[in-house]
Amino acid sequence: AQADALADIGTVEGYAEWMKNLLTPVPDGHYELKCFAVDEERGCVAAVAVFHGTQTGPGGPGEPTGNTVAADYVYAMQFDGGLIRHLTKIWNDTVSLRQLGWA
């Protein structure tokens, strides 16, 4: 991803752990899938969604803010057989952090 919040993450497993940890301060976090496209010829899948949630749990840079987030994002995945070979998350983390009151 080209997002500072994810700069140190280099694997799908690391990203999954990061997302799991985000659900501590944002326990009602969920996504709304907007579009899902498959390009079998190129082995690509794209998923467009909006992440929604409210910071009511502990974590983040301080006490819970009660602020909500609605963050658009796209996963662009390149497959090799049945395995993800490359994953890019397209997301403006600065907008999300501002919505939560973290930036």
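As shown above, the structure is provided for reference.
Note that the coordinates shown come from a computational prediction; the quantities given were computed from them, not determined experimentally. (Residues numbered from 1 in each chain as written. Predicted model: local features only at pLDDT ≥ 70, side-chain atom pairs only at ≥ 80, totals over all residues. Heavy atoms only, no water.)

**Here we look at the nonpolar core**
Link 1 in the chain: Ranked by internal contacts, the top residues of the largest apolar core, which has 16 residues, are V26, F51, V69, A71, Y73, Y75 and W91.
Link 2 in the chain: Mapped onto this core, the elements with two or more residues apiece are α1 (12–22), β2 (44–54) and β3 (68–80).
Link 3 in the chain: Broken down by element, this core gets its largest block of residues, five residues, from β3.
Link 4 in the chain: Among residues more than four places away in sequence, those in contact with Y75 are Y15, V45, A46, A47, L87, T88 and K89. (Core = buried A, V, L, I, M, F, W, Y, C linked by side-chain atoms within 4.5 Å. Buried < 20%, exposed > 50% of the residue type's maximum accessible area, 1.4 Å probe, protein only. Helix = DSSP H or I, 4+ residues; strand = E, 2+ residues; numbered from the N terminus. Contact = heavy atoms within 4.5 Å.)

**Quick word on the sheet that holds β3**
Link 1 in the chain: Read from one edge of the open sheet, four strands run β1-β2-β3-β4, paired in antiparallel fashion. Looking along the sheet, the strands with just one partner apiece sit at the ends: β1 (30–39) and β4 (83–91). Sheet twist, expressed as the mean angle between neighbouring strand axes with direction ignored, is 20°.
Link 2 in the chain: Two strands pair when backbone bridges link them, and β1 and β2 are joined in this way by nine bridges, in the antiparallel orientation. Counterpart to D39 in the pairing with β2 is C44.
Link 3 in the chain: Against the sheet, α1 touches β2, β3 and β4, its axis set at about 45° to β4.
Link 4 in the chain: Lying on the sheet, helix α2 (residues 93–100) is in contact with β3 and β4; it crosses β3 at an angle near 150°. (Pairing = 2+ DSSP bridges. Axes fitted to C-alpha atoms, helices over the stretch in contact; angles between N-to-C directions.)

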